[in-house]
Amino acid sequence: MIMDYCEQEMTEGKVQLHIGLQFEDEPDSLYVAELELGDNGVVREWKLFFNGFDCNYTFRPAEREALVRYAAEQGITIHELNEA
């Protein structure tokens, strides 16, 4: 994944993080990962949008890790809920 921007906003009482990205196998398609954040930066929901439409995509663990790292590089600390 190639990520090119990251912005955080409050919408309807929810903190959301938007990360613009491209997949290497689709270089002409721009996507937006939308992460809903809960307490202490825990990601409650991971979504992927293309042209405003929900792709119903399930991020692979390596992709989620890359998004967490990219957000950290942008100064936003988030993490996955570690379910036991």
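One can find the structure itself at the top, above this paragraph.
Notes on the structure follow. (Residues numbered from 1 in each chain as written. Predicted model: local features only at pLDDT ≥ 70, side-chain atom pairs only at ≥ 80, totals over all residues. Heavy atoms only, no water.)

Take the packing of aromatic side chains next. Under the defined criterion, the tally for this structure stands at five aromatic pairs. For the pair Phe23 and Tyr31, a centre-to-centre distance of 5.2 Å together with 75 degrees between the ring planes defines the contact as edge-to-face. Residues Phe23 and Tyr31 agree in their burial class; the two are buried. Ring centres of Tyr57 and Phe59 lie 5.2 Å apart, and the angle between their planes is 85 degrees; this geometry places the pair in the edge-to-face category. Residue classification places Tyr57 among the partly exposed positions, given a relative accessible area of 28%. (Phe/Tyr/Trp six-rings, centres within 6.5 Å; stacked < 30°, edge-to-face > 60°. Buried < 20%, exposed > 50% of the residue type's maximum accessible area, 1.4 Å probe, protein only.)

As a further point, take the environment of Glu7. Examined against the element boundaries, Glu7 turns out to sit in strand β1 (residues 2-11). On the accessibility criterion, Glu7 (43% relative accessible area) is partly exposed. In this structure, the C-alpha to C-alpha distance between Glu7 and Arg64, residues 57 residues apart in sequence, is 17 Å. Setting aside chain neighbours within four positions, we find Glu7 in contact with Gln16, Leu17 and His18. (Helix = DSSP H or I, 4+ residues; strand = E, 2+ residues; numbered from the N terminus. Contact = heavy atoms within 4.5 Å.)

All right, on to helix α1 (residues 61-73) then. For α1, with 13 residues, the first-to-last C-alpha span of 18 Å sits near the 18 Å given by 1.5 Å per residue. Among all positions in α1, only Glu63, Arg64, Ala66, Leu67, Tyr70 and Ala71 are buried. In a view along the axis of α1, the buried residues occupy a sector of 160 degrees, so they form one face of it. Across α1 from its buried face, at more than 90 degrees, point the exposed residues Ala62 and Glu73. Among the structural elements, β1, β2 (14-23), β3 (26-37), β4 (42-50) and β6 (79-80) are those in contact with the buried residues of α1. Two residues or fewer after α1 comes Gly75, characterised by a positive phi angle close to 90 degrees. (Expected span 1.5 Å × (residues − 1). Arc of directions from axis to C-beta.)

Pairing analysis gives nine bridges linking β1 to β2, with the strands arranged antiparallel. Following the sheet pairing, Ile2 is matched in β2 by Gln22. Taken together, β1 and the strand that follows it, β2, pair antiparallel across an intervening segment of two residues, in which Glu12 is found at a positive phi of about 50 degrees. (Pairing = 2+ DSSP bridges.)

What the rule picks out here adds up to three salt bridges. Measuring nitrogen to oxygen at the nearest pair gives 3.0 Å for the salt bridge that ties Glu63 to Arg60. For Glu63, a relative accessible area of 5% gives the class buried. Exposure remark for Arg60: the relative accessible area of 53% places this residue in the exposed category. Between Glu80 and Arg64 there is a salt bridge, with the nearest N and O atoms lying 2.8 Å from each other. Of this pair, Glu80 sits in strand β6 while Arg64 sits in helix α1; the two residues are 16 residues apart in sequence, bridging distant segments of the chain. Overall, Arg64 belongs to the buried group, its relative accessible area being 18%. (Salt bridge = Lys/Arg side-chain N within 4 Å of Asp/Glu carboxyl O.)

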